[in-house]
Amino acid sequence: MIRRLLLSASLLALGGCSALGHWSQAAGGHLGITRAAKPVDDWLADPATPADLAQRLRLSQQMRDFASSRLALPENNSYRRYADLGRPAAVWNVIAAPEFGMSLKTWCYPIMGCAGYQGWFDLKRAQAQADALKAEGWEAQVQAIPAYSTLGWSRLLGGDPLLNTFIRYAEGELAAMIFHELAHQRVYASDDTGFNEAYASAVELIGARQWLANKRDALAAFEAGRARRAAFLKLAREGRERLLAVYAGPPDARSAGKAAVLAELRERAPREAPGYDAWFQRANNANFAILAAYDELVPAFMRLFEREGRDWVRFHAAVERLAPLPREERRARLKGLE
C-alpha cells in the first residue's frame, strides 16, 4: 500500500507542483479520516457513546451485512468503523464547466482514473481552486460531499469508514449511501464518471427498496423523498436541455437566453421542486453537468437489472462486462436496452 501511494505521488510530481500539492492534501486528508476511525464495536462498548449514535451504528452494521449477503456487494472491512470528523462534509468537490457548455472539466489521477470533479479536504483550498478556475473563464462550484469511495484500495488502512456526515440520515437514505459507495468498489470504469455514478445510483435505489421492503413507514418516507427528488431532476433536466439549445444557437444571443432560462427555473422551483429551490438559485453549468452524470444513465441500469432477472450476481457481472469497453461502445450498449 505505501509503495503504491509513493508511486502515485511520483507520477503526479511529473505533472507539476499543482498536481503534487493536490495529491498531498488528498493523501493526508484521507489518512486523517482513517486515523480518526475506530471499530464500530469499540464505539458500542464505550458508555460515552450517545444512545442515538449507538442505535444508528447497530443499524449500519445490519445494512452492511445485507449489502454483501443480499446485494452481492464486496465483503471487506469498509463501513465496519466509524469516525466523527467534527465537520459537515467528508470532502469538498470542485466542479467546473464552460460558460456556454455542459462538458465537465476533467481531472485524472493514477489510482482512480479520470473524473469530472476534484476533491479537497479543506473548504478554503477548495474555494481557492474554484476561484482560480473562475478567473480562467470556467463556471465553477464547490460541493460539500458526505462520503466518497477509495474503490477498495484502502483496505489495509481499515477500509472506508462510516462518518458523522451521513450516519444520522433517514434509514432509507443511510442504506442508499452505504450501498452506493460499496457499488463503486464492485465496478468502476476509469474514464466515465457518468457510467460509474449511474450504476451506483441504480444500486442504491434498488438496494434501499429491498432493504425497506418490510418496513412500511420507512419505505413510505424513502419513496416520498425520492418522489421529491424526481420532481427536482425533471425540472433540472428540462433546464439543462433548454440551456444546451441556447448554447447551440446564435453566439450573440447566448448570454440573454441563458439568463432567461435560469430566471424562469428559479421562479418555478419553489412550486415544482419544493425543497430544491436553493439549488436552482446558485446553479450554473457545472451543477447541471454533474447532475446529468449521476442521473442520465440510471434508467438504463434499472432496465439491465430487470433484464438479468433481478439477480444481483448476474447484474453486477453484466456491468463488469461493460466497464472495460471503450466509453462510446459502453454507452451505446446501455442505451440499446431502451
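All residue numbers refer to position in the chain's written sequence, counted from 1. A pLDDT threshold of at least 70 governs which residues receive local features in this predicted model, and a stricter bar of 80 or more applies before side-chain atom pairs are shown or counted, although totals over entire chains, interfaces and linings include all residues. Derived side-chain values reflect all non-hydrogen atoms in the structure, with water molecules and hydrogen atoms excluded from consideration.

Chemist: Is there a simple way to explain the pairing of strand β3 (residues 91-97) in this structure?
Modeler: Remark: a regular strand shows side chains that alternate across the two faces of the sheet. Taking burial as the measure, the seven residues of β3 include seven buried ones, the bulk of the element. Side chains Val-91, Asn-93, Ile-95 and Ala-97 of β3 all project onto a buried face; the interleaved residues Trp-92, Val-94 and Ala-96 project onto the opposite face, where all are buried too. One requirement defines pairing of two strands: DSSP has to find at least two bridges between them. Only DSSP runs of H or I reaching four residues or more are called helices, and only runs of E reaching two or more are called strands; each is numbered from the N terminus. Bridge count between β3 and strand β6 (residues 118-120): three bridges; the pairing is antiparallel. By the bridge assignment, Trp-92 is partnered in β6 with Trp-120. For every residue, the accessible area obtained with a 1.4 Å probe (protein chains only) is divided by the maximum for its type, and the residue is called buried under 20%, exposed over 50%, and partly exposed between those limits.

Chemist: Is there a simple way to think about the environment of Val-261 in this case?
Modeler: Tracing the sequence through the fold places Val-261 in helix α9 (residues 254-272). Among the residues examined, Val-261 registers a relative accessible area of 5% and is labelled buried. Separated by 23 residues in the primary sequence, Val-261 and Glu-238 place their C-alpha atoms 10.0 Å from one another. Here, two residues are considered to be in contact whenever any of their heavy atoms come within 4.5 Å of each other. When neighbours within four sequence positions are excluded, Val-261 is seen to be in contact with Gly-239, Arg-242, Leu-243 and Val-246.

Chemist: What is the right way to read the side chain of Arg-81 from this model?
Modeler: You can see Arg-81 is positioned in strand β2 (residues 81-83). Lys and Arg are tallied as positive, Asp and Glu as negative. Neither His nor the chain termini are counted. Salt bridges are defined by distance alone: a side-chain nitrogen of Lys or Arg within 4 Å of a carboxyl oxygen of Asp or Glu. It turns out Arg-81 is buried and unbridged, and the closest side chain with the opposite charge, Asp-160, is 7.8 Å from it. We define a polar contact as two N or O atoms separated by no more than 3.5 Å, with the added condition that, inside protein, one atom must be a possible hydrogen donor and the other a possible acceptor, whereas residues neighbouring each other in sequence contribute only through side-chain atom pairs. Here Thr-34 takes part through its backbone oxygen, which lies 3.4 Å from a polar atom of the side chain of Arg-81.

Chemist: Honestly, the packing of helix α4 (residues 51-70) against helix α7 (residues 193-211) in this entry has me stumped. Any pointers?
Modeler: The description of two packed helices rests on the angle between their axes and on the distance between the axes. In this analysis an axis means a line fitted to C-alpha atoms, helices contributing only their contacting stretch, and an angle means the value between N-to-C directions, from 0 to 180 degrees. Direction vectors running N to C along α4 and α7 enclose 115 degrees, while the axes themselves pass 11 Å from each other. When the axes of α4 and α7 are compared, the pair comes out roughly perpendicular. Between α4 and α7 lies a crossing of right-handed hand. Touching Leu-59, Gln-62, Met-63 and Phe-66 of α4 are Gly-207, Gln-210 and Trp-211, all from α7. Here is the rule for angles: anything less than 35 degrees is roughly parallel, anything more than 145 is roughly antiparallel, 65 through 115 is roughly perpendicular, and the remaining ranges are oblique. Two helices crossing with the near one rotated counterclockwise from the far one by less than a right angle form a left-handed crossing, whereas a clockwise rotation gives a right-handed crossing.

Chemist: Looking at this structure, how should I read helix α11 (residues 285-295)?
Modeler: Think of an α-helix as turning once every 3.6 residues; residues three or four places apart then point the same way. With ten of eleven residues buried, α11 is to be regarded as a mostly interior element. Of the positions making up α11, those classed as buried are Asn-285, Ala-286, Asn-287, Phe-288, Ala-289, Ile-290, Leu-291, Ala-292, Ala-293 and Asp-295. For α11, the capping residue at the N-terminal end is Asn-284, with a side-chain oxygen 3.0 Å from the backbone nitrogen of Ala-286.

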